[in-house]
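If you want the building blocks of each chain, they are given just below.
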Amino acid sequence: MRLEAYLFFPRQAEEAMKFYQSVLGGELKLTRRGEVDPTAPEDMKPLIINAELTSGELTLRGADNTDTPTERQHRMSLTLIGSDEAKLRHIYDQLAAGGSADHPLDKMFWGDIFGELTDKYGITWQINILAAK
């Protein structure tokens, strides 16, 4: 069993998932509604019904959902955890570009470096850089 994040975008799934690929690397597979549903209305055929970004142990999925709100959500955050400080700082900066650095990366009381941001698509991310042991 595994748990994967699945993000919904208001007609921005392809743009958003290509952005995440540019930041996180990996392979991106896109499936459009018109490729699998010949009865779809013409304006729905180009929409993404499944995007899958895989990079190492990371899998991120997404799709277009025409009634998805664009404002920031507050019920969950995607969290990247690792020990490569330079790489994670770079990812933080790239994800925050066009969005907001809500909590800049800083050393926390538990010993790790932690930060939170909202990307330009309204998705909240946490970056946790593990303290050297």
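Each value, and the rule that gives it
- Residues numbered from 1 in each chain as written.
- Predicted model: local features only at pLDDT ≥ 70, side-chain atom pairs only at ≥ 80, totals over all residues.
- Heavy atoms only, no water.
- Salt bridge = Lys/Arg side-chain N within 4 Å of Asp/Glu carboxyl O.
- Helix = DSSP H or I, 4+ residues; strand = E, 2+ residues; numbered from the N terminus.
- Buried < 20%, exposed > 50% of the residue type's maximum accessible area, 1.4 Å probe, protein only.
- Pairing = 2+ DSSP bridges.
- Axes fitted to C-alpha atoms, helices over the stretch in contact; angles between N-to-C directions.
- Contact = heavy atoms within 4.5 Å.

This structure, assessed with the given rule, holds 9 salt bridges. In this structure, the salt-bridge partner of Arg2 is Glu4, at a minimum N-O distance of 2.4 Å. Here Arg61 and Glu4 are joined by a salt bridge, their closest N and O atoms 2.5 Å apart. Of this pair, Arg61 sits in strand E4 (residues 58–64) while Glu4 sits in the segment before strand E1 (5–9), and the two are 57 residues apart along the sequence. On the basis of relative accessibility, which here comes to 17%, the residue Arg61 falls in the buried class. You can call Glu4 partly exposed: its relative accessible area is 22%. Look at the salt bridges and you will find they share partners, linking Arg2, Glu4, Glu52 and Arg61 into a network.

Consider a sheet: its strands pair through backbone hydrogen bonds, and that pairing is either parallel or antiparallel. Across the sheet, which stays open at both edges, the 4 strands sit in the order E1-E4-E3-E2 with mixed pairing between neighbours. Edge strands, defined here as strands with exactly one partner in the open sheet, are E1 and strand E2 (27–32). The sheet shows a mean angle of 20° between the axes of neighbouring strands, direction not considered. As paired strands, E2 and strand E3 (residues 48–55) are joined by 6 bridges and run antiparallel to one another. In the sheet register, Thr31 faces E3, and the bridge partner there is Asn50. On top of the sheet, helix H1 (residues 13–24) reaches E1, E2, E3 and E4; it is set at about 0° to E3, its chief contact.

Looking now at the environment of Ala131. Among the secondary structure elements, Ala131 is positioned in the segment after strand E8 (124–129). For Ala131, a relative accessible area of 23% corresponds to the partly exposed category. Put simply, Ala131 and Gly82 are 49 residues apart on the chain and 9.3 Å apart in space, counted from C-alpha to C-alpha. Sequence-distant contacts of Ala131, that is, excluding residues within four places in its chain, are made with Gly111 and Asp112.

In short, geometric facts, not functional conclusions.
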